[in-house]
Amino acid sequence: MAFSHIGGAGLDKKRRRWMTASKGTFMSYTVDAVSKAIELLFLVAEEGGKGVTELAKRSGNTKARAFRLLTTLEESGLVRRQLPMATYSLGYRALIIGTAAQAQLSLIHVAKDILESIGRECNESVLVRIRDGAETICVAWWDAPHALRVHSQLGDRRPMFVDASGKLLLAHAPEEIREAILSGRLEQFTPNTIAKRNELKKELKKILIDGYSTSFSEKTTDMVAVATPVRDATGAVIASLSMTAPASRVPKENLSKYVEILRFASIRFSAALGYVEP
């Protein structure tokens, strides 16, 4: 599933028009005034504090039409006119829409929409983890239909310094949290666990440079994982998107394939949460 920003000016006109078989004419199923009003609403959202003259110029409307559209939006509570300068900003009902959108497009809702398609592309189990204190917690997952697979469970917790997801979230964590974990006890779960402070610091720097994290039997033997960052609208890393599989089925030399799948998937995931790449 691809995600993209949909605004009034960005709608595909070919999708909005249909040709009638009998008359050979085009019929539009959109209302032009509504489209123009939505464009104005986005302009006010992006550049609040502008007057009707500037908004008319930027939206391609006449001043008279822009004023009528803005008045309609004002009466609906979506924008408000501020005196004495007669500039426009968002109204209280825009806040209702924004709050509802934030809830409906939240991390878990988006994860549920896209995890299965990502998992089927990888043909392995995929999951989403977030940071909770010094641990990571699984908040969404999709299990691959293999008899032999790495099973994840909602609410499963792990120390943040171990496995692909944990290391990635630690690398992007605030400095005080990172230092607290690095200066604490690093348990050796398997022979591959990075339990030495200096080695873990080097690994975290590498993750920030590479843009992804890998794990080879660090928490559980015979398990490999790849993780990429999920960002919110501010650009902050709020979760990890990862693939886990038995090492017997996914040898180390094949991991680059999954890295690329997850890179693109995390870009789509982040875009659905409002992140725009610079």
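Please refer to the structure higher up on the page.
Residues numbered from 1 in each chain as written. Predicted model: local features only at pLDDT ≥ 70, side-chain atom pairs only at ≥ 80, totals over all residues. Heavy atoms only, no water.

Enquirer: With reference to specific residues and values, describe the overall build of the protein chain.
Expert: Summing up its helical and strand segments, the protein chain has 10 helices and 11 strands in all. Within the protein chain, the proportion of its 278 residues that are buried is 41%. Contacts in the protein chain between residues far apart in sequence, at least 24 positions, make up 55% of those at least 6 positions apart. Accessible surface, the protein chain: about 15900 Å² in total, of which carbon and sulfur atoms supply 55%. (Helix = DSSP H or I, 4+ residues; strand = E, 2+ residues; numbered from the N terminus. Buried < 20%, exposed > 50% of the residue type's maximum accessible area, 1.4 Å probe, protein only. Contact = heavy atoms within 4.5 Å. Areas by Shrake-Rupley, 256 points an atom, 1.4 Å probe, with all protein chains shown as cover.)

Enquirer: Give me the lowdown on the sheet that holds strand β4 (residues 79-82), citing residues and values where you can.
Expert: With antiparallel pairing, three strands are arranged side by side in an open sheet as β3-β5-β4. Lying at the two open borders of the sheet, with one neighbouring strand each, are β3 (50-51) and β4. Where β3 meets strand β5 (residues 87-90), two bridges bridge the pair, whose relative direction is antiparallel. Note on β5: the bridge partner recorded for G51 is T87. Against the sheet, helix α2 (residues 32-46) makes contact with β4 and β5, and its axis sits at roughly 90° relative to β5, the strand it touches most. Strands in contact with helix α4 (residues 63-75) are β4 and β5; relative to β4, the strand with the most contacts, it is inclined by about 110°. (Pairing = 2+ DSSP bridges. Axes fitted to C-alpha atoms, helices over the stretch in contact; angles between N-to-C directions.)

Enquirer: Any chance you could break down the pairing of strand β10 (residues 223-231) for me, citing the residues and the numbers?
Expert: Counting buried positions along β10 yields eight of nine residues, so the element is predominantly enclosed. Hairpin connection from strand β9 (residues 213-216) to β10: six residues lie between these consecutive antiparallel strands, with S217 at a positive phi of about 55°. In the sheet, β10 pairs with strand β11 (residues 237-246) via nine bridges, with the strands oriented antiparallel. Bridge pairing in β11 places P229 opposite S240. Once β10 ends, the chain turns through five residues before running back antiparallel as β11, passing G235 with a positive phi of about 95°.

Enquirer: Please set out the environment of A66 residue by residue, giving values where relevant.
Expert: Looking at the element boundaries, A66 is found in helix α4. A residue is classified by how much of its surface remains accessible, and A66, at 0% relative accessible area, is buried. Considering only alpha carbons, one finds A66 and L40, 26 residues apart in sequence, at a separation of 7.9 Å.

Enquirer: So, helix α9 (residues 197-210): which residues are in play, and what are the values?
Expert: Helix length check: α9 (14 residues) gives 20 Å between terminal C-alpha atoms against 20 Å at 1.5 Å per residue, within 8%. Buried residues of α9: L200, E203, L204 and I207, and no others. Around the axis of α9, the buried residues are gathered within 100° of arc, so they sit on the same side. Residues of α9 that are exposed and angled more than 90 degrees away from the buried face: N198, K202, K205 and I209. Directly after α9, the chain includes G211, whose backbone phi takes a positive value near 85°. (Expected span 1.5 Å × (residues − 1). Arc of directions from axis to C-beta.)

Enquirer: So, the packing of helix α6 (residues 107-122) against helix α10 (residues 255-272): which residues are in play, and what are the values?
Expert: Relative orientation of the contacting elements α6 and α10 amounts to 160°, with a least axis distance of 10 Å. When the axis of α6 is compared with that of α10, the two are roughly antiparallel. By crossing handedness, the relation of α6 to α10 is classed as right-handed. Side by side, α6 and α10 meet where L107, V110, A111, I114, S117, I118, E121 and C122 of the first sit next to Y258, I261, L262, A265, R268, F269 and A272 of the second. (Parallel < 35°, antiparallel > 145°, perpendicular 65-115°, else oblique. Left-handed = near helix turned anticlockwise from the far one by under 90°.)

Enquirer: I'd like a description of the sheet that holds β10, backed by residues and values.
Expert: In space, the six strands of this open sheet follow the order β8-β7-β6-β11-β10-β9, with antiparallel pairing throughout. With partners counted over all chains shown, the strands left at the sheet margins are β8 (157-159) and β9, one partner each. On average, each strand axis in the sheet is inclined to that of its neighbour by 30°, with strand direction left out of account.

Enquirer: Explain the pairing of β4 to me, using residue names and the numbers behind them.
Expert: Looking at chain direction, β4 and β5 are connected through four bridges and run antiparallel. Following the sheet pairing, Q82 is matched in β5 by T87. Connecting the antiparallel pair β4 and β5 is a turn made up of four residues, with A86 showing a positive phi of about 55°.

Enquirer: Could you give an account of a nonpolar patch on the surface, naming the residues involved and the relevant values?
Expert: Taken together, the side chains of V31, V34, I38 and F42 make up a nonpolar region of the molecular surface, amounting to roughly 310 Å² of accessible area. Tracing the backbone shows F42 in helix α2. With a relative accessible area of 32%, F42 lands in the partly exposed category. (Patch = residues over 30% accessible without salt bridge, like charges linked within 9 Å, V, L, I, M, F, W, Y side chains within 5 Å. Salt bridge = Lys/Arg side-chain N within 4 Å of Asp/Glu carboxyl O.)

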